[in-house]
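The residues making up each chain are set out below.
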Amino acid sequence: MAVATAAAVLAALGGAGTRVQRLRRGGDPGLMHGKTVLITGANSGLGRATAAELLRLGARVIMGCRDRARAEEAASQLRRELRQAAECGPEPGVSGAGELIVRELDLASLRSVRAFCQEMLQEEPRLDVLINNAGIFQCPYMKTEDGFEMQFGVNHLGHFLLTNLLLGLLKSSAPSRIVVVSSKLYKYGDINFDDLNSEQSYNKSFCYSRSKLANILFTRELARRLEGTNVTVNVLHPGIVRTNLGRHIHIPLLVKPLFNLVSWAFFKTPVEGAQTSIYLASSPEVEGVSGRYFGDCKEEELLPKAMDESVARKLWDISEVMVGLLK
Ligand SMILES: NC(=O)c1ccc[n+]([C@@H]2O[C@H](COP(=O)([O-])OP(=O)(O)OC[C@H]3O[C@@H](n4cnc5c(N)ncnc54)[C@H](OP(=O)(O)O)[C@@H]3O)[C@@H](O)[C@H]2O)c1
């Protein structure tokens, strides 16, 4: 029973995958000097690990987070870790480390996304990298402030509006990059245009997968629209990572020790999981590469449903109406 539950959780997450991948820590410390990076959901898990490394590489990192107190706490910890690393010896790059800024952003509220972008456009002269990282996984049926199903609303629509409102700044800062954090679980989703809001039926796993498929279709359509602008956009699967993402999944008390053991043995740490985001945000190797899907810092193939251009265009048009970009 315990083994079956652990196996089911692994299967639901898309298979254990490999923990082995290129760790890029210790890369050129000045690589991101002078660059401004915005990371959504940077107070926890992958976002936090991505922020730590880009900070170490010299970037000015803006943490876009829904809870200011949690984000300020994470930011203080990150600054402390960086200071400790500097004190503990000749850690390359620490002396040239960047700056960390917290800004409030709730992707479950279009009002919050608009206010955040207005502040960004007023106060930030440039934006070199946008990392659409925040996400919610398999929650019970809930709606965003604007009445959208929560997983589709946060994972896709919130980031769709955010990206569109910041495109002008990204274009004026080009060459610039957009990095979208999706998931291999996109394979189990589809885009049902008759019930995008899951009013007729709700399956939490399926709706997560749908939102992650939407992330990929959005990336590919955006790459097409951005041709010739020097703004690139790529999407990734981070692997299965030990983070707070599973907070809505109930694991029976008796099974928890086994689950913890399995996750300790097979899941990536946040630092390992963040490597592909860091790679796409900073590596000179991906300069000019756009519209691709990556895992473990390598390009991977997509299923045909994630490459369907007509679905991607229709999803774009409908999303524009849903978030009020087109009335
Ligand atoms: N972990 C994995 O195995 C895995 C696998 C595939 C893909 N991913 C993707 O990786 C990304 C990062 O997830 P994670 O694993 O690092 O999980 P995590 O530790 O739970 O981090 C998720 C982040 O998103 C934020 N967030 C959630 N709802 C938000 C909202 N309405 N507005 C703004 N921020 C919001 C969370 O903020 P709070 O802390 O305030 O809740 C948190 O900072 C997600 O897109 C996820 O789908 C993860």
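Residues numbered from 1 in each chain as written. Predicted model: local features only at pLDDT ≥ 70, side-chain atom pairs only at ≥ 80, totals over all residues. Heavy atoms only, no water.

As annotated in an unreviewed UniProt entry, the chain is Retinol dehydrogenase 14 from Nomascus leucogenys. UniProt, in the comment section headed Sequence similarities (unreviewed entry), describes the chain in these words: "Belongs to the short-chain dehydrogenases/reductases (SDR) family." (UniProt positions renumbered as here; feature names shortened; annotations may be inferred.)

J.: Where do I start with the packing of helix α5 (residues 150–172) against helix α10 (residues 309–322) in this structure?
T.: Two quantities define a packed helix pair, namely the angle between the axes and the distance from one axis to the other. Interhelical geometry of α5 versus α10 gives an angle of 85° and a closest axis separation of 10 Å. Classified by the interaxial angle, the pair formed by α5 and α10 is roughly perpendicular. Where α5 abuts α10, its residues Phe152, His156, Leu157, Phe160 and Asn164 lie against Leu315, Trp316, Ser319, Glu320 and Met322. (Axes fitted to C-alpha atoms, helices over the stretch in contact; angles between N-to-C directions. Helix = DSSP H or I, 4+ residues; strand = E, 2+ residues; numbered from the N terminus. Parallel < 35°, antiparallel > 145°, perpendicular 65-115°, else oblique. Contact = heavy atoms within 4.5 Å.)

J.: What's the story with the sheet that holds strand β5 (residues 176–181) in this structure? I'm lost.
T.: The strands that make up a sheet are held in pairs by hydrogen bonds between backbone atoms, and each pair lies either parallel or antiparallel. Read across the sheet, 8 strands follow the order β3-β2-β1-β4-β5-β6-β7-β8 without closing on themselves; strand pairing throughout is mixed. Among the strands making up the open sheet, the edge pair consists of β3 (99–104) and β8 (298–299). Of the strands in this sheet, β1 (36–40), β2 (60–65) and β3 are in contact with helix α4 (residues 110–123), which crosses β3 at around 140°. (Pairing = 2+ DSSP bridges.)

J.: Honestly, the site of the ligand in this entry has me stumped. Any pointers?
T.: In the neighbourhood of the ligand, 28 residues make up the surrounding shell, with Ser44, Arg66, Arg70, Tyr208 and Thr243 lying closest. Within the backbone of Gly41, one N or O atom sits 3.2 Å away from an oxygen atom of the ligand. Relative to its unbound accessible area of 910 Å², the ligand is 98% covered by the protein chains. For the shell around the ligand, the secondary-structure elements that each account for two or more residues are α2 (45–56) and α6 (204–225). By residue class, the composition of the shell around the ligand is 12 nonpolar, 11 polar and 5 charged. (Near = heavy atom within 4 Å. Polar contact = N/O pair within 3.5 Å; in protein donor to acceptor, adjacent residues only side chain to side chain. Areas by Shrake-Rupley, 256 points an atom, 1.4 Å probe, with all protein chains shown as cover. Nonpolar A, V, L, I, M, F, W, Y, C, P; charged D, E, K, R; others polar.)

J.: Even after reading the chapter, I still don't get the pattern of salt bridges, so can you show me in this structure?
T.: Two side chains that carry opposite charge are able to pair once their charged atoms sit near each other. According to the stated counting rule, one finds 20 salt bridges in the structure shown. Between Asp67 and Arg70 there is a salt bridge; the shortest N-O distance is 3.6 Å. Note that Arg111 and Glu145 form a salt bridge whose closest N and O atoms lie 2.8 Å from each other. Of this pair, Arg111 sits in helix α4 while Glu145 sits in the loop between β4 (129–132) and α5, and the two are 34 residues apart along the sequence. Using a relative accessible area of 47% as the deciding quantity, one classes Glu145 as partly exposed. What emerges from the salt-bridge pattern is a single network uniting Arg60, Glu99, Arg103, Glu119, Glu123 and Glu124. (Salt bridge = Lys/Arg side-chain N within 4 Å of Asp/Glu carboxyl O. Buried < 20%, exposed > 50% of the residue type's maximum accessible area, 1.4 Å probe, protein only.)

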